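# Descriptive analysis of the structure
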Amino acid sequence: MSPLHRFLMESKSQWGWLALLILELITAAMFEVSAPVLLGKVVDAIVSGLQTDQDINTIFASIDTIILWLIAIYGGHALFTYFGEYMMASIGSKTVLALRTRMSTHLYSLPIEYFHDHQRGDLLSRLTSDLDAVAETIGEGVPGLVSAIIGIIGATAMMIWISPMLGISIIAIICIGILCLTWLSKRARRVYLKNQSALGAFNSGIEEIVVGKPIIQTFGLEETTTNQVNILNDNLFKSMRSAAFTSQLVEPLVKFLNQITYCLVAIQGGLMVLRGSISIGDIQAFFLYVGQVSDPLSRSSYILTKFQETSAALGRIYEVIDTPSEIDKGNKTLGDTTTHPGTIDFEHVDFGYTPSNVFMKDINIHIPGGSMVAIVGPTGAGKSTLVNLIMRFYDIINGRITIDGIDIRDVSRESLHNTVGMVLQDAWIFTGTIADNIGYGKPNASREEIKYVAKLAMADHFIRTLPDGYDTVLKRGGDDLSQGQRQLITIARAFLADPTILILDEATANVDTRTEVEVQKAMNTLLKGRTSIVIAHRLSTIKNADFLLVVENGTIVEQGTHHELIERGGHYKELYENYAAGMTL
Ligand SMILES: Nc1ncnc2c1ncn2[C@@H]1O[C@H](COP(=O)(O)OP(=O)(O)OP(=O)(O)O)[C@@H](O)[C@H]1O
């Protein structure tokens, strides 16, 4: 089923309105089609009046009723066209709203891998320009096409009725036109697909520049980056030029056929008038009907081109919608039956980001509830991977991970994410007030609660120095705050959510030394009775930990307390000595 067909089938709720709309457009087109015959009668009445030397008053007396009819017909046409277009715009916006909601809701349910595999710029252009293309076609294209088809059918029928011979010659030319335009609209689909992927790539390139501008400048890579974006821009230009070639070809082609048709009416019609087989008024009606056919023909071919673009856009949208959601098979809730909440076990766990590349093999870890564990290891060792597995961002290949004895695959995602909280290295701040940002995980939190956790996270002091305090609106991912301040907000957010297990990924790495000491104190109090897993890069964290997991190449190479591991004199001792000598772990 083509994307357009599928879209039509999925918009069944609007079919009744569509039928009403088509009825309205048919009425409007009938008004339009009936006018030229009456105009022809006016011309014939004037010509015969002049030929028989009638005075002007007599001539007008014979046509005044027709003129009144003409005014009524044109008025009726305008009114029905207006209602038709208004209705279509409303049907169009409702249908696109439903599609937009469906797509954005579906994005939330997609697995994390999907976002790793797709560029953000490309996803954005699917959500914006592809949906806009659909909205434009439905709002303007459908009524345009329906009235064009009805107009063409009506006008050709009238031409055949007036003069079958002349009418058939004109239809032959129209058929040639339709064939050319069908070819053009097919080409448009291919061109649009190319155009949209070039646009997606360009958006992603620009996004990288905007996000990475400070780094680009630091490394003096402006020229290299500009060259890369220029290549993407050049690709976009070429595909847009190709699209313009296709769409701009329509109008001259239709005009050319139109002019040929006018010549045919003038020559063949003129000869027929001389032979007396047709009146001058009918020839005048023919000229108007040719106009009534050629205009909708060029409009409908443009719309057909748009339909092809829309079909391609819908295809890209359905690609996202059809990506299977992350299925939440778990129905158990954590925290109901436990005596030691927050106990985590890895039992013979195998994991790889791709099935062919098993990165972690036979991992066994036991983290007792309420303990503080520090994970240490060189970069790329697998520290973040371990916490990603606890959060079930990725599924393991073999073995099982349990919390309080329950396999996390059997736990609902909601319960899992309520139980396990995370503070990541990149503080995520959204556009909203500071209070909204802190209260993110608990939407009904009172202002007192928010202030309480902000105090615990040592954020209250700096928040109160801001002009609007807790009501200060943060924009652009919190760019107006320092990195440390952003991180304090996310720490306060995690405290408010009050999870049983807290994962901290270098949570204090961006806070200055004085603040770090204060935050650490607050954390120690808060972490009491709570399991905490810290991806540690700091001495203070390691010393406070109940035990350490040393990770290398996806394997737990050592576990134990700081003193035990130092005494063992293995990997950890080496890491620690490097750290003590001033390097990070
Ligand atoms: N989404 C992903 N897809 C494929 N491979 C990944 C993905 N995330 C991480 N990896 C790979 O898995 C390995 C472990 O990465 P991980 O992020 O767990 O390391 P880490 O110890 O946390 O490193 P760092 O201290 O630098 O943050 C690395 O080789 C990394 O390239």
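How each quantity is defined
Residues numbered from 1 in each chain as written. Predicted model: local features only at pLDDT ≥ 70, side-chain atom pairs only at ≥ 80, totals over all residues. Heavy atoms only, no water. Helix = DSSP H or I, 4+ residues; strand = E, 2+ residues; numbered from the N terminus. Buried < 20%, exposed > 50% of the residue type's maximum accessible area, 1.4 Å probe, protein only. Contact = heavy atoms within 4.5 Å. Areas by Shrake-Rupley, 256 points an atom, 1.4 Å probe, with all protein chains shown as cover. Lys, Arg positive; Asp, Glu negative; His and termini not counted. Charge placed at Lys NZ, Arg CZ, Asp CG, Glu CD. Pairing = 2+ DSSP bridges. Axes fitted to C-alpha atoms, helices over the stretch in contact; angles between N-to-C directions. Near = heavy atom within 4 Å. Polar contact = N/O pair within 3.5 Å; in protein donor to acceptor, adjacent residues only side chain to side chain. Domains from an automatic or database assignment. UniProt positions renumbered as here; feature names shortened; annotations may be inferred.

### A word on the overall build of the protein
Check the secondary structure of the protein and you find 18 helices and twelve strands. Overall size of the protein, expressed as C-alpha extent along the three principal axes, is 125 × 50 × 50 Å. For the protein, the residues scored as buried account for 46% of the 585 residues in total. Counting only contacts in the protein whose residues sit at least 6 apart along the sequence, the fraction spanning at least 24 positions is 76%. Counting only carbon and sulfur atoms, one obtains 60% of the accessible surface of the protein, whose full area is about 30,100 Å². Between the centroid of the 46 positive side chains of the protein and the centroid of its 60 negative side chains there is a distance of 1 Å.

### Points about the sheet that holds strand β3 (residues 372-376)
Spatially, six strands are ordered β6-β9-β10-β3-β11-β12 in an open sheet, and the strand pairing comes out mixed. On the outer flanks of this sheet lie β6 (420-423) and β12 (555-560), each paired with one strand and no other. Going from strand to strand, the sheet's axes swing by 20 degrees on average, the running direction of each strand aside. In the sheet, strand β9 (residues 501-505) pairs with strand β10 (residues 531-535) via five bridges, with the strands oriented parallel. Across the sheet, Ile-501 pairs through a bridge with Thr-531, a residue of β10. Each of β3, β11 (547-552) and β12 touches helix α18 (residues 571-580); the most contacted strand, β11, lies at about 95 degrees to it.

### With respect to the site of the ligand
For the ligand, the full set of nearby residues is His-116, Tyr-353, Phe-359, Pro-378, Thr-379, Gly-380, Ala-381, Gly-382, Lys-383, Ser-384, Thr-385 and Tyr-394. Ala-381 has a polar backbone atom sitting 3.1 Å from an oxygen atom of the ligand. The separation between an oxygen atom of the ligand and a polar side-chain atom of Ser-384 is 2.7 Å. Burial of the ligand by the surrounding chains reaches 58%, relative to a free accessible area of 640 Å². In terms of residues, the shell around the ligand owes the most to one element, helix α9 (residues 383-390), which gives three residues.

### Regarding the domain arrangement of the protein
One frequently used descriptor of interface size is the decrease in accessible area upon assembly of the parts. The assigned domain composition of the protein is domain 1 (3-321) and domain 2 (344-580). Inter-centroid distance (C-alpha atoms) of domain 1 to domain 2 is 56 Å.

### Re the pairing of β11
Most of β11 sits inside the fold, with five of its six residues counted as buried. Where β3 meets β11, four bridges bridge the pair, whose relative direction is parallel. Bridging from a neighbouring strand, Ile-375 pairs with Leu-549 of β11. Both β11 and β12 contribute to a ladder of five bridges, which runs antiparallel. From the neighbouring strand, Leu-549 faces β12, where its bridge partner is Gln-559. Between β11 and β12, which pair antiparallel and follow one another directly, the connecting turn spans two residues, one of which, Asn-553, has a positive phi of 45 degrees.

### Some remarks on the environment of Ile-406
Checked against the element boundaries, Ile-406 lands in strand β5 (residues 406-407). Expressed as a C-alpha distance, the spacing of Ile-406 and Asp-345, which sit 61 residues apart in the sequence, is 9.5 Å. The residues touching Ile-406, leaving out its near neighbours within four places in the chain, are Lys-332, Thr-333, Leu-334, Ile-401 and Val-411.

### Regarding unusual backbone geometry
Its identity as a non-glycine residue notwithstanding, His-348 has a phi of 50 degrees, on the positive side. With phi around 50 degrees, Asp-404 is a residue other than glycine that occupies positive phi space. Along the polypeptide, Asp-404 turns up in the loop between β4 (398-403) and β5.

### Let's talk about the UniProt feature "transmembrane region" (unreviewed entry) in the protein
Here the UniProt-annotated "transmembrane region" (unreviewed entry) positions come out as residues 15-39, 59-84, 142-162 and 168-185. This span, residues 59-84, is 100% helix and 0% strand, and a straight line between its end C-alpha atoms measures 38 Å.

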